[in-house]
Amino acid sequence: MTRVPMKCRVCREPAVIDLRRHNANFCREHFVAHCEEQVRRAIKHFRMIVPDERVVVAVSGGKDSLALWDLLGRLEIPADGLYVGLGIDEYSDESHRYAREYAQSRGRTLHVVDLAADHGFTIPGAAAATRRAPCGACGLSKRHVFNQFALEHGYDVIATGHNLDDEAAVLLGNVLHWDLDYLARQHPALPAAPGFARKVKPLYRLGEREMAAYCVLERIDYQVEECPMAAGNRHLGYKETLNDLEHRSPGSKAAFLFGFLERAHEQLGRGDAGPDVELHPCPGCGAPTPGELCAFCRLRERAIPVTAS
Ligand code: Q46
Ligand code: ZN
Ligand code: ZN
């Protein structure tokens, strides 16, 4: 049987990728246009970024954040990058190199905050001291550093590279545990609040495979290795489950996530701290916190200091 070559849905030229979810194949040019369109729609639908706002992209050196930075450039949304050094041995050094090389090759500004140099600890050191899964300490540290950096440097918006697969996996975890607080806070655009910059996820309409293809087609070199501390991260299991489902029934992931955003999220409120929780500046770093020291400062106090590790 001869194989019929795939043709681009738009121009009928040979296609380079098939997207079963969209029931479409695309050539390189129209695949890039498709990615651009999905990001444009996301930004417009949730008013993620309005003209003249200052945007900082959380750049990890992986495919998603570099593709996001690139796509914002295509949409003529100027954005700087921020790389956070987590101190995860060669993995962090390499990731930093990919982020730096992309920034240099495109003439973009990449800021760097290094947990070891700037805060005296690393993620492995924090995980060992707290005896908890490293991803918890890592996520908390990244959120804190991005937010503080944005506020201190006058950025209005923090854009992260979370894609459709990431968001659907997080949603599955939150639904399995019926965690209403997390569900309320799961949204592609979290508004700014006193002490917090707006946080947006312009890639939530694009899947992991699309982002990898975008980087390959646009010749963006990225960190392909998985983080060595990811083992045991329960989201990986949720992703596999959703991939099985998607394989059997293309479009399931998008239906799950988009249905939640369109039909369920509003019923949950916006997931702010609520009127009864009073926030005050953390004595260690000034970030708003309901307790004495904020969670980041407590982690920093408990983590094994870099010099002793
Ligand atoms: S970097 Fe950090 Fe991820 Fe590594 S330790 Fe976990 S959260 S897996 S995105
Ligand atoms: Zn085409
Ligand atoms: Zn603090």
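All of these numbers come straight from a predicted model, not from anything done at the bench.

Asker: Whenever I open this one, the packing of aromatic side chains confuses me. Can you help?
Answerer: Any aromatic ring pair is given by two values, namely how distant the centres are and how the planes are angled relative to each other. Following the criterion strictly, the structure yields five aromatic pairs and no others. Here the aromatic rings of Phe149 and Tyr155 are separated by 6.2 Å at their centres, their planes lie at 20°, and the arrangement is stacked. Here the aromatic residues Phe46, Tyr204 and Phe258 are joined through ring pairs into a cluster of three or more. Over the ring of Tyr155 we find Arg54; its NZ or CZ atom is 4.1 Å from the centre of that ring. Above the plane of the ring of Tyr98 lies Arg97, whose end atom (NZ or CZ) is 4.9 Å from the centre.

Asker: Sorry, what's going on with helix H11 (residues 252-264) here?
Answerer: Of the positions making up H11, those classed as buried are Ser252, Lys253, Ala254, Leu257, Phe258, Gly259, Phe260 and Leu261. As for H11, its buried residues are in contact with helix H7 (164-176), helix H8 (180-185) and helix H10 (234-248).

Asker: Help me out: how do you make sense of the coordination of the zinc ion (ligand 3) in this one?
Answerer: Geometry reference: four tetrahedral donors at a metal, ideal angle 109.5 degrees. Six octahedral donors, ideal angles 90 or 180 degrees. Looking at the zinc ion (ligand 3), the protein donor atoms are Cys282 (SG), Cys285 (SG), Cys294 (SG) and Cys297 (SG), and they sit 2.3 Å from it. Because the angles between the four donor atoms bound to the zinc ion (ligand 3) fall within 106 to 113°, the donor set is best described as tetrahedral. Motif for the zinc ion (ligand 3), donor spacing along one chain: C-x2-C-x8-C-x2-C. With a gap of 12 residues between them, Cys285 in the loop between strand S9 (280-281) and strand S10 (288-289) and Cys297 in helix H12 (residues 295-302) connect regions that are remote in the sequence. Here Cys285 falls in the partly exposed class, since its relative accessible area comes to 23%. The buried category is assigned to Cys297, whose relative accessible area is 3%.

Asker: Looking at this structure, how should I read the pairing of strand S5 (residues 110-114)?
Answerer: Remark: a regular strand shows side chains that alternate across the two faces of the sheet. As judged from the five bridges shared by strand S4 (residues 79-85) and S5, these two strands associate in the parallel manner. Bridge assignment links Gly81 to a residue of S5, and that residue is Leu110. Between the parallel elements S4 and S5, the chain passes through helix H3 (residues 89-106) in a crossover that is right-handed.

Asker: I keep staring at H3 and nothing clicks. Help me out?
Answerer: Residues spaced three or four apart along an α-helix point in a common direction, a consequence of the helix completing one turn every 3.6 residues. Here H3 contains 18 residues, and its C-alpha end-to-end distance of 27 Å stays within 8% of the 26 Å for a straight helix at 1.5 Å per residue. Turning to H3, its buried residues are Ser92, Ser95, His96, Tyr98, Ala99, Tyr102 and Ala103. Burial along H3 is one-sided: seen end-on, the buried residues are contained in an arc of 155°. Within H3, the exposed residues directed more than 90 degrees away from the buried face are Asp89, Glu90, Asp93 and Gln104. Buried residues along H3 sit against helix H2 (63-74), S4 and S5. Immediately downstream of H3, the backbone of Gly107 shows phi near 65°, a positive value.

Asker: Hey, could you run me through the packing of helix H1 (residues 28-45) against H2 in this one?
Answerer: The relative placement of two packed helices comes down to the angle between their axes together with the axis-to-axis distance. Running from amino to carboxyl end, H1 crosses H2 at an angle of 85°, the nearest separation of the two axes being 10 Å. The orientation of H1 relative to H2 falls into the category roughly perpendicular. Contacts between H1 and H2 involve Val32, Cys35, Glu36, Val39 and Ile43 from the former and Leu71, Leu72 and Arg74 from the latter. Residue classes in the contact of H1 with H2 are distributed as six nonpolar, no polar and two charged.

Parameters at a glance
Residues numbered from 1 in each chain as written. Chains lettered and ligands numbered in written order. Predicted model: local features only at pLDDT ≥ 70, side-chain atom pairs only at ≥ 80, totals over all residues. Heavy atoms only, no water. Phe/Tyr/Trp six-rings, centres within 6.5 Å; stacked < 30°, edge-to-face > 60°. Lys NZ or Arg CZ within 6 Å of the ring centre and 35° of its normal. Buried < 20%, exposed > 50% of the residue type's maximum accessible area, 1.4 Å probe, protein only. Helix = DSSP H or I, 4+ residues; strand = E, 2+ residues; numbered from the N terminus. Contact = heavy atoms within 4.5 Å. Donors = N, O, S within 2.8 Å, 3.2 Å for Na, K, Ca; no water. Tetrahedral: all angles 85-135°; square planar, octahedral: opposite > 155°, others 65-115°. Pairing = 2+ DSSP bridges. Right-handed = clockwise from strand over helix to strand, strands pointing away. Expected span 1.5 Å × (residues − 1). Arc of directions from axis to C-beta. Axes fitted to C-alpha atoms, helices over the stretch in contact; angles between N-to-C directions. Parallel < 35°, antiparallel > 145°, perpendicular 65-115°, else oblique. Nonpolar A, V, L, I, M, F, W, Y, C, P; charged D, E, K, R; others polar.

Take it as geometry only, folks, not as evidence of what the structure does.
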